[in-house]
Amino acid sequence: MLKIKLLTLVSVYIAISAFPPNVSATPSEQDIDSIFSEWEQDDQPGGSIAVIKEGKLIYSRGYGLANIEHSVPNTPNTVFRIASTSKQFTAATILLLAQQKKLNLNDSLYSFFPESPDYAKDITIKHLLHHTSGVRDYFNLTELKGFRTDDYYDDTNVMEWLTTQPSLNFTPGEEFLYSNSGYWLLGQIVQKVTGTSMALFADNEIFKPLKMQSTLFHNNHNHIVKNKAYGYTPFSGPEFEINMSTLDLIGDGGILTTVEDLKKWDDEFYQQKVLDKNFWEMMTTVGKLNNGEHIEYASGLRISDYKGLKQIDHAGWFGGFKSNLIRFPEQQFSVIVLANREDAYSTGLARQVADLYLSQFYEKEVESTPQFVELNVDQLKDFSGHYWSKDRNDSRHVYIKEGKLKLSPSPNREFDLAAFSENQFKLMGVKANVIMTFMPKSNQMSVSVNGREPFICDEYTPANYTSDQLVQFTGSFHSEALMVNYHIKLVDGELQLFIGNRQVSQLNATQPDILVSRNLGVINIVRDHEGVISGFEMSSNRVKHVQFEKVLITP
């Protein structure tokens, strides 16, 4: 990483035209620019946006700098890494091959990679497309293996890691769990089937026919790309660091493109000159679990509802880049936000732009602006406690402070809970709409985020170990799945996790035999029949149930 002092100027490019009359409002340039005002400083990175209505680019502009060192401004022609927004293009290559009868979406992963464990026989291409395969996420694996963010690895490494995993996160089709590994594997399948890289196949079959001249799967980080933005991460105050990947992996990400090229991709959704109706129907058909339940995820696209309107989108975040392309197909309206700063909230920004134009089409949401009520301490006391989510492997502390109900998801973080009924609260100070419902009779709390299906948290009594008692958890542990040794040590009265010789995280004993690392995940201690610790099971966001055995490490 390189720390950079910001001493540059912003310049922008604006393209605007009249908005069609069937929309509720015609925002001014200032209305849109005010949403991105933080990016209009003369010494910071920003991004580029595009607003599209009925095939017309009605507004496009660049904000901030593509390159701080050389004072290069972002414009609609600036090339950004779009991270996971790339997944729709990976899915597109797979569906094209299916249309060409070169593969079947029910083909098993094992049929392409027989070196895989036997469980790959039960994983289909559909499972990979819909994130229902259970394959462990390779990014998460690198974190658990102790890799730093700027460590290098390649396709050979990833394939070795995946094919040596002894188990999956779950039985294929049983659950939805986002996995970058699934889309990386789809890219490898394209290469197997075509005999060439997915980058070349996509260029020939998609980008060239659609005249997306500034779009490519970037599978060689040394390849020079004109007009490319640098990615940045906030460092200290007004300063930023360069945050650019040297990885050459594609499939789960890897696309470099511009807002103007993505407009051509958006046009094709409606015009279907290169990619036919059947193709787009396959792209937007959501997945289904083994129990028949439909999920929101289709093929590299999320199909959801936003204020009563159908929304098709996919966000991306990698290194110093954020992105989203949000499409409202019934209104033929889309917003593209590409940012080269890690602190950008691309989805929220895109929705704010959509709100300017589409408000008349939204469902009336009287309940979305709750009338808050005042509850006294006696009414709040039954809600205080520590709550644990088995699904998410995390805890939340709810407590009363200065007569108000507060929530702390981690040390040094505190949020207000505002009541709008006797047991329902809104989490304040966050961008998402988080509603928490307390059920004191069952010692539970449900949490709903942005109107989605709530998850349940159970109240628990925190562990209260002394330093002498914490010693029992210390030792060295080995994982065959990760090919790594973890060392748990007691340092200044606190448990610390080391990977190799590097200290990586504090471990908090939240519950009996449960240790939590804020960086890596949750450790569930395993004991033998005599109650002696024999190992543990590690679970993180996208890698579940990794087994570690306690070992004796000799000097």
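Report on the accompanying structure.

Reading the values: rules and limits
Residues numbered from 1 in each chain as written. Predicted model: local features only at pLDDT ≥ 70, side-chain atom pairs only at ≥ 80, totals over all residues. Heavy atoms only, no water. Helix = DSSP H or I, 4+ residues; strand = E, 2+ residues; numbered from the N terminus. Buried < 20%, exposed > 50% of the residue type's maximum accessible area, 1.4 Å probe, protein only. Contact = heavy atoms within 4.5 Å. Pairing = 2+ DSSP bridges. Axes fitted to C-alpha atoms, helices over the stretch in contact; angles between N-to-C directions. Salt bridge = Lys/Arg side-chain N within 4 Å of Asp/Glu carboxyl O.

Another point: the environment of leucine 375. Along the polypeptide, leucine 375 turns up in the loop between α11 (346-358) and α12 (377-380). On the accessibility criterion, leucine 375 (14% relative accessible area) is buried. The sequence separation of leucine 375 and glycine 173 amounts to 202 residues, and the corresponding C-alpha distance is 44 Å. Setting aside residues no more than four positions away along its own chain, leucine 375 makes contact with Leu380, Ala419, Ser421, Glu422 and Phe425.

With antiparallel pairing, eight strands are arranged side by side around a closed barrel as β16-β17-β18-β19-β20-β21-β22-β23. Neighbour-to-neighbour, the strand axes of this sheet turn through a mean angle of 30 degrees, independent of strand direction. Pairing analysis gives three bridges linking strand β19 (residues 415-419) to strand β20 (residues 424-427), with the strands arranged antiparallel. Residue alanine 418 lies in a different strand from β20, and its bridge partner there is lysine 426.

It is worth spelling out the environment of lysine 489 at this point. Locating lysine 489 in the fold gives a position in strand β25 (residues 484-491). Sequence spacing of lysine 489 and valine 471 is 18 residues, and the spatial spacing of their C-alpha atoms is 8.0 Å. Non-local contacts of lysine 489, meaning those with residues more than four positions away in its chain, are made with Thr474, Glu494, Leu495, Gln496 and Phe498.

Right, let's get into the pairing of strand β13 (residues 309-318). Here five bridges tie strand β12 (residues 302-306) to β13, and the two strands are oriented antiparallel to one another. Bridge pairing in β13 places serine 304 opposite glutamine 311. Where β12 folds back onto β13 in an antiparallel hairpin, the turn is made up of two residues, including lysine 307, whose phi is positive at roughly 55 degrees. The hairpin turn running from β13 into strand β14 (residues 321-328), its antiparallel successor, is two residues long, and glycine 319 in that turn takes a positive phi close to 60 degrees.

Examined against the element boundaries, glycine 403 turns out to sit in the loop between β17 (394-401) and β18 (404-408). Taking C-alpha positions, glycine 403 is 9.7 Å from aspartate 378, a pair spaced 25 residues apart along the chain. Excluding residues within four positions of it along the chain, glycine 403 makes contact with Val377 and Leu380.

What follows deals with the pattern of salt bridges. This model, assessed by the stated rule, comprises 19 salt bridges. Lysine 53 serves as the salt-bridge partner of glutamate 54, at 3.9 Å between the closest nitrogen and oxygen. The class of glutamate 54 is partly exposed, set by a relative accessible area of 37%. For aspartate 343, the salt bridge is made with arginine 341, and the minimal N-O distance between the two is 2.7 Å.

Geometric values such as these leave the question of function open.
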